[in-house]
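Geometric and topological summary
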Amino acid sequence: MVNHLASDPGTPAYSGSTRLKQWRVTISRDPVNQPRYVEQVLANQFSMSSEEARRTRQEIFNQGKTEVAVGTRERMEALVQALHAYGLRATLDGPDVK
């Protein structure tokens, strides 16, 4: 699930026939953080509704990880740093990783 609020607004995924380089932020499950805490962080960081945060949290804990945002490298690096400040296991994936 990609949170469109964290994506760059107004940036098309394709420009003509050339794909713009989009970076992705993924949150992985970890043994330290409780599910409810992760849900609260998602709701606060991404301005998600409690239901949307709960669904995203379930994806993380059921699948092991989930993609939460797509955008420019600079914005996604800042987001990863913010998620690390909350203690979440977030990673930045480059445009060539699927």
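Everything here concerns the structure above.
Described in the following lines is the structure provided in the data block. (Residues numbered from 1 in each chain as written. Predicted model: local features only at pLDDT ≥ 70, side-chain atom pairs only at ≥ 80, totals over all residues. Heavy atoms only, no water.)

1. Things to note about the overall build of the protein
Scanning the protein for helices and strands turns up three helices and five strands. For the protein, the share of sequence-separated contacts (at least 6 apart) that also reach a separation of at least 24 residues comes to 75%. With the model as given, the accessible surface of the protein reaches about 5,900 Å², and the carbon-plus-sulfur share is 49%. (Helix = DSSP H or I, 4+ residues; strand = E, 2+ residues; numbered from the N terminus. Contact = heavy atoms within 4.5 Å. Areas by Shrake-Rupley, 256 points an atom, 1.4 Å probe, with all protein chains shown as cover.)

2. As for empty space enclosed by the protein
One pass over the full model with this rule turns up one cavity of 30 Å³ or more. The calculated volume of the largest cavity comes to roughly 40 Å³. Forming the boundary of the largest cavity are I27, S28, R29, D30, N33, V38, I60, F61, L88 and R89. Residue assignment for the lining of the largest cavity shows that the elements contributing at least two residues are strand 3 (23-28) and helix 2 (50-63). (1 Å grid on protein atoms, 1.4 Å probe; cavity = no way out; pocket = protein on both sides within 12 Å on 5 of 7 lines; lining within 4 Å. Points joined across faces, edges and corners; volume = space filled by probe spheres on them.)

3. Brief notes about helix 3 (residues 73-85)
An ideal rise of 1.5 Å per residue puts 18 Å on 13 residues; helix 3 measures up with 18 Å between its terminal C-alpha atoms. Here the buried face of helix 3 lies against strand 3, helix 1 (35-46), strand 4 (65-71) and strand 5 (89-93). (Expected span 1.5 Å × (residues − 1).)

4. Comments concerning helix 2
End to end, helix 2 covers 20 Å across 14 residues, agreeing with the expected 20 Å (1.5 Å per residue, within 8%). Residues of helix 2 that are buried include every one of A53, T56, R57 and I60, and no others. Along the long axis of helix 2, the arc covered by the buried residues comes to 100 degrees, so they all point the same way. The outward face of helix 2, more than 90 degrees from its buried face, is lined by the exposed residues N62 and Q63. Those residues of helix 2 that are buried lie in contact with strand 3, helix 1 and strand 4. With its phi angle positive at about 95 degrees, G64 sits one or two positions after the end of helix 2. (Buried < 20%, exposed > 50% of the residue type's maximum accessible area, 1.4 Å probe, protein only. Arc of directions from axis to C-beta.)

5. Focus on the sheet that holds strand 3
Spatially, 4-3-5 is the arrangement adopted by the three strands of the open sheet, whose pairing is antiparallel. Across the chains shown, the open sheet's two edge strands, defined by having one partner strand only, are strand 4 and strand 5. Between one strand axis and the next, the sheet turns through 25 degrees on average, direction left out of account. Sheet topology note: the strand 3/strand 5 ladder contains five bridges and is antiparallel. Opposite S28, over in strand 5, you have R89 as the bridge partner. Its contacts with the sheet place helix 2 against strand 3 and strand 4, and it is angled at close to 130 degrees to strand 4. (Pairing = 2+ DSSP bridges. Axes fitted to C-alpha atoms, helices over the stretch in contact; angles between N-to-C directions.)

Interpretation note: all reported values are geometric properties and have no functional meaning in isolation.
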